[in-house]
Amino acid sequence: MAYSSAEQHHEPHSFWTRYVWSQDHKVIAVQYTITAIAVGMVALVLSNLMRLQLGFPGRFAFIDANHYYQYVTLHGMIMVVYLLTALFLGGFGNYLIPLMVGARDMVFPLLNMLSYWVYLLAVLVLMASFFVPGGPTGAGWTLYPPQSILPGTPGSDWGIILMLVSLLIFIVAATMGGLNYVITVLQARTRGMTLMRMPLTVWGIFVATIMALLAFPSLFVSGVMLLFDKVLGTSFFMPAIVSMGQALSYKGGSPILFQHLFWFFGHPEVYIVALPAFGIVSDLISTHSRKKIFGYHMMVWAIVMIGALSFVVWAHHMFVSGMNPYFGFFFATTTLIIAVPTAIKVYNWVLTLWHSDIHLSVPMLFAIGFISTFLIGGLTGLFLGNVSVDIPLSNTYFVVAHFHMVMGVSPILVIFGGLYHWFPKVTGRLMNETLGKLHFWVTFLGTYAIYFPMHYLGILGMPRRYYAYDNYAFIPASAQQLNAFITVAALIVGVTQLVFLYNLVHSTFRGRPAGSNPWRATTLEWQTPETPPGHGNWGAEQPEVHRWAYDYSVPGMAQDFVPQNSAVAGGGDDHDQTVVKAAPRRGRKKT
Amino acid sequence: MALAIVLMALVAAAVLFHFLSPWWLTPLASNWGQIDTTLMITLAITGAFFIAINLFIAYCLIRFRQRDGHRAAHDPENKKLEGWLTGLTAVGIIAMLAPGLFVYAAYIDPPADSLVFEAVGQQWQWRFRFPGRDGRLGVTDSRFVSAENPLGLAPNDPRGQDDVLILNSEVHLPVGKPIKVLLRSQDVLHDFYVPPFRARMNLVPGMVTHFWFTPTRTGRFEILCAQLCGVGHFNMRGYVVVEEPAAFQAWLGRQSTFAHGATRTPVAATGAALPAQGKLLAQSRGCVACHSDDGSARVGPSWKGLYGKTETLADGSTVQVDPAYIAESIRTPNAKIVHGYPAIMPPFSLSDPELAALIAYMKTLSDKTVAQAGTP
Amino acid sequence: MSLAQSARHDAGGARDGMPSAGKPALWVFMGVVTVLFAQFLHAYIVRMGYADWQRLPTLPTVWLNTALLLLSSAALQWAQVAGRHGRRAGMRGGLFLGGVLALAFLAGQLWLWRQLTALDYVIASGPASSFFYLLSGLHGIHLIGGLVAWGMTIRRVGHNDVTADGLLAVELCARYWHFLLALWLVLLGLLFIVPPATILAICSSA
Ligand code: HEM
Ligand SMILES: [Cu+2]
Ligand SMILES: [Cu+2]
């Protein structure tokens, strides 16, 4: 089992084995990332098309109600599942886990490769639904039956079938990848890399992966059963129905059961994309403010707590669904309790900035942007989790604004920050900073312009998933002007992403050479002998770890960072324990 | 530096926006002022956190920005601070949750003396039912649903005979009396949402859900569907007219009961002009959910300028819109599908006089005529 | 298992004396499958509470199939023990027999499907029968996956020199089989044996 010498590790030589059928986690990570960004662009275009209709209703004749609902559905599903989940776990997870824990690769490289190809298959099946008769499903990303499989919904023949099949395939891919990530973290850490020395990025991805392994089965179950109801005529979720004047043969099923199963997956899914973002942003903030992360233990604890608690809050999506009303008390309470560890994370990020040495590099800009948007999203979550406040707000634009802030924009900002941060390791080149800043400012300010006012449309009572708002007396005409403004902002943000794509491609070939550790970071991925890291990552000798990941600005050291594999004495290693004990005394003397 | 200023500006803009925004809660029209209060408490607490944390970040960005020769402090851990912050957060959470749960307890506990009525949803229209003199609603089942019995009442349940059926999308309610709304759907999920009432609930096929409220203001309010229910979702409208109890009783008295043929729309009886009857029919049968009268796009083709026009069908052939074509399109909608529209219109069995009324109405929406009129 | 196999080819875990990654991976995988079936059974029990529930008859084939799977699992256990004590022939025999019995189980399940279909219990004829086809089918698919790993293990331990990895593969096969047996027994209990009223009583009191 042990890795004895470099030769034993056959380096792939042909183009095909190196870049296509590659089993190298770094190549697979790039494949995942490119694919996810590509579908993400589709979802972005769809969102801009929706915005065109909402901002300038009826002006674009080709966006009829059918198309609008198809766009909403595909946009939501792609963003949540095929972009964010795939990019965080398959992209960042694949690249960073082995490098950050000092492994040579994932534990099961073949499985890792399969995971990518199966993911790609899922994406292709989903995209195929644009080309089948009736088009993709327009059931909303929640796919609630009975509506999702009945003729009043666009794409209720082929679209919904392809959507469900694609999801099932995706789950298989995610499970293959997930097994790999979990076992790699548990088994393949290099010498000295204890769990409590791991960077928070790895912690975030690790816990998110475990959650994915526990939550996706629930989606699988609801997906399979819905597929059976659609194709084989079973009645798992379908009660007796008169649809469009016709009595159907279904009877006795429970639509609410689907919602329970869906949200048992759906809520943890929010954290499956949030926890990696939490982890990554912690490392970005620490590195770029040259200071150890505030309260590392608390941060790990909070990640684990949030992960665990997020399995007992799902029905806050169902306060007005008609489920047993007494559940409301329980789920409102658990939901608000989860706010405590979440708030602790926010405090610790901002406290890390205190007395630090902030370098406002592009990754850091995105990290700060994340704190600000996540803050809004988290706080508006308290409205929706607090059951009685949710009652008037449920299914309005307040919800749309909330979840875009908390799980749309915020994780996306972290993804951008992470890409700018790790791009030099992947390619050996830096991304263009001016373009990066332009990208940041437009995206960050645009986000506020789009979503901040949207909360107020929701409070007014404008329902979501509306194709048009003709002749509703309670909506003032000014709301339409606001919608036009939001659309313009969304278009600008959309176009600006092209700047990012250009930067990405241009810098890959023309970027300034970065050296091996441009951010002067402590974590292992920056200590590889070659940049980009070669096959097997570490040359002849795997690194040995002597300290935790946050030895920044240690007093008495020549440099303001000490790499994890450096054996010099001193620093907050092993870990802050010693520091914690000393803390009260020193703290008192200072004040 | 720029980022610090922007963050401060964002906070200022957010606060300004909040106070200047013309978009805010609709004026309350029910007893659920407590929901608004809880919302305001939540807003105040979260707003304070929003401002404080953003300003703190801005301060750090200015105070601790990179300067030459400056190094970050190697602060020790500070459990005490973490403890305080956790405690403060917990207090804030409890201050929001406690009133929230208190209001919710009232929300799920309808008063015993509530007036009961039923709202029935169907793609994409609303209908209503009140219990008759016996104060009880009759049994329903989807098996009984037909064009003649659209709400699916059991034909031989005695309790149902005197039920008052409202087969159009406007319902009246008395002001000042607690009302328990029973919700039933015949096809998919819907949601009964009247923003000024604050209260709402989903309609779930296969079961009866409910919620309650007391209207406190007279007026005409819009009912929206707020749970995606297919392409016509955004157009599934209804109206609640809240009026003085006497006016309400009078209105209720004018409606017909199940036993007295409420379902047969009294076209001939009303004596109104034929086009006006057709317009009423279009509203009560829910045609307007999918067909506009002003040329605006909905699920189905607009009726404006339809009569006499030449339509292109899905198979490429063309047909002139004459009475025969209209009759066929209503009674067997899938026989000919207009190009560009989904085949989702349900068949309606209308009587000949009803059909004539609808066609008369459509004629008024078009300036074209049909050369040799086919017979409907 | 394929997992163990790919682990061997790979540079993976580098710490000396690290246990093979195949073992923990199988545990995690069985954990995921457990969650999957737990969710199905959750749905099953909720759906059971609705009025239209009508359970399936327990045909004798059910018992025959259960016996086959039990024997299959036992044969693999035998193979594993034999392997550990260095009895190569016993190991190969047990392994082979275990797989064949598993195939017989699958054939038996198909036969059971046909019998039930002949009795007009088709997939859409009621929720109990929908669940039966769904759950037994999914269980079967997991067993087929196991058979793929079994086939690779057979190839691996077929030659004369059986490596530690080969022994591990046999062990993992046996463990997975026991897991699938346990899963089948749970399904058997809920689908055929325990009366619905009892299940509902237990679940509503909990
Ligand atoms: C420029 C960026 C984006 C814009 C302009 C945008 C816009 C929209 C719009 C207009 C809707 C439909 C609202 C409605 O009709 O109810 C929507 C829905 C949605 N969006 Fe986005 N979005 C963006 C980014 C994202 C991202 C990054 C995510 C990732 C989580 C996301 C997730 C969703 C989801 C889950 C829905 C709900 C879909 C549904 O109702 O079924 N969006 N978005
Ligand atoms: Cu949630
Ligand atoms: Cu509706």
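Quick summary incoming for the structure in this document. Computed from a predicted structure; not experimentally measured.

### What to know about the interface of chain B and chain A
At step 1: Taken together, the contact between chain B and chain A spans 100 residues of the former and 122 residues of the latter.
At step 2: Here chain B meets chain A over a buried area of about 9900 Å², counting both sides, of which 69% is carbon and sulfur.
At step 3: Considering only the surface of chain B that becomes buried against chain A, Trp23, His74 and Glu77 of chain B emerge as the three largest contributors, covering 9% of it.
At step 4: At the boundary of chain B and chain A, one finds one salt bridge.
At step 5: Lys292 of chain A is the salt-bridge partner of Glu77 of chain B, the closest N and O atoms lying 3.0 Å from each other.
At step 6: At the junction of chain B and chain A, the tally comes to 33 residue pairs in polar contact (both at pLDDT 80 or more).
At step 7: If you list the elements that add at least two residues to the side of chain B that touches chain A, you get helix 1 (2–20), helix 2 (33–63), helix 3 (79–107), strand 6 (190–193), strand 7 (200–203) and strand 9 (219–225) of chain B.
At step 8: The element that contributes the greatest number of residues to the side of chain B that touches chain A is helix 2 of chain B, accounting for 15 residues.
At step 9: For the side of chain B that touches chain A, the per-class residue count stands at 62 nonpolar, 25 polar and 13 charged.

### Observations concerning the coordination of the copper ion (ligand 2)
Residue and element names in this part refer to chain A.
At step 1: Taken together, the protein ligands of the copper ion (ligand 2) are His267 (ND1), His316 (NE2) and His317 (NE2), with distances of 1.7 to 2.0 Å.
At step 2: Donor residues for the copper ion (ligand 2) sit on one chain with the sequence pattern H-x48-H-H. A residue pair is termed long-range when its members are at least 10 positions apart, and His267 in helix 7 (residues 255–288) and His316 in the loop between helix 8 (296–309) and helix 9 (327–353) qualify at 49 residues. Comparing His267 with His316, the two get one shared label, buried.

### Regarding the coordination of the iron atom of ligand 1
At step 1: Surrounding the iron atom of ligand 1 are the protein donor atoms His75 of chain A (NE2) and His404 of chain A (NE2), at 1.9 Å.
At step 2: On the basis of relative accessibility, which here comes to 16%, the residue His404 of chain A falls in the buried class.

### Side note on helix 13 (residues 433–460) of chain A
Residue and element names in this part refer to chain A.
At step 1: For helix 13, which comprises 28 residues, the first-to-last C-alpha distance of 41 Å matches the rise-based estimate of 40 Å (1.5 Å per residue) to within 8%.
At step 2: Two or three places before Thr434, at the opening of helix 13, Asn432 has a side-chain oxygen 2.8 Å from that residue's backbone nitrogen.
At step 3: Directly beyond the C-terminal end of helix 13, a positive phi value near 115° is found at Gly461.

### Things to note about the pairing of strand 5 (residues 179–185) of chain B
Residue and element names in this part refer to chain B.
At step 1: Burial within strand 5 is extensive, with six of its seven residues counted as buried.
At step 2: Examined bridge by bridge, strand 1 (residues 115–122) and strand 5 share seven bridges and lie parallel to one another. What sits directly across from Val120, in strand 5, is Arg184.
At step 3: Judged from the five bridges that link them, strand 5 and strand 8 (residues 209–213) form a sheet pairing that is antiparallel.

### Comments concerning the nonpolar core
At step 1: Of all hydrophobic cores here, the largest spans 360 residues; its most connected members are Tyr82, Phe92, Tyr119, Leu143 and Trp349 of chain A together with Phe130 and Phe192 of chain B.
At step 2: Leaving out residues up to four positions away in the same chain, Tyr119 of chain A has contacts with Tyr32, Thr35, Ala36, Val39, Tyr82, Ala86, Phe170 and Ala173 of chain A.
At step 3: Leu281, Ile359, Leu365 and Val370 of chain B belong to the second-largest nonpolar core, a separate cluster that totals 24 residues.

Definitions and cut-offs
Residues numbered from 1 in each chain as written. Chains lettered and ligands numbered in written order. Predicted model: local features only at pLDDT ≥ 70, side-chain atom pairs only at ≥ 80, totals over all residues. Heavy atoms only, no water. Contact = heavy atoms within 4.5 Å. Buried area = accessible area lost by both parts, 1.4 Å probe. Salt bridge = Lys/Arg side-chain N within 4 Å of Asp/Glu carboxyl O. Polar contact = N/O pair within 3.5 Å; in protein donor to acceptor, adjacent residues only side chain to side chain. Helix = DSSP H or I, 4+ residues; strand = E, 2+ residues; numbered from the N terminus. Nonpolar A, V, L, I, M, F, W, Y, C, P; charged D, E, K, R; others polar. Donors = N, O, S within 2.8 Å, 3.2 Å for Na, K, Ca; no water. Buried < 20%, exposed > 50% of the residue type's maximum accessible area, 1.4 Å probe, protein only. Expected span 1.5 Å × (residues − 1). Pairing = 2+ DSSP bridges. Core = buried A, V, L, I, M, F, W, Y, C linked by side-chain atoms within 4.5 Å.

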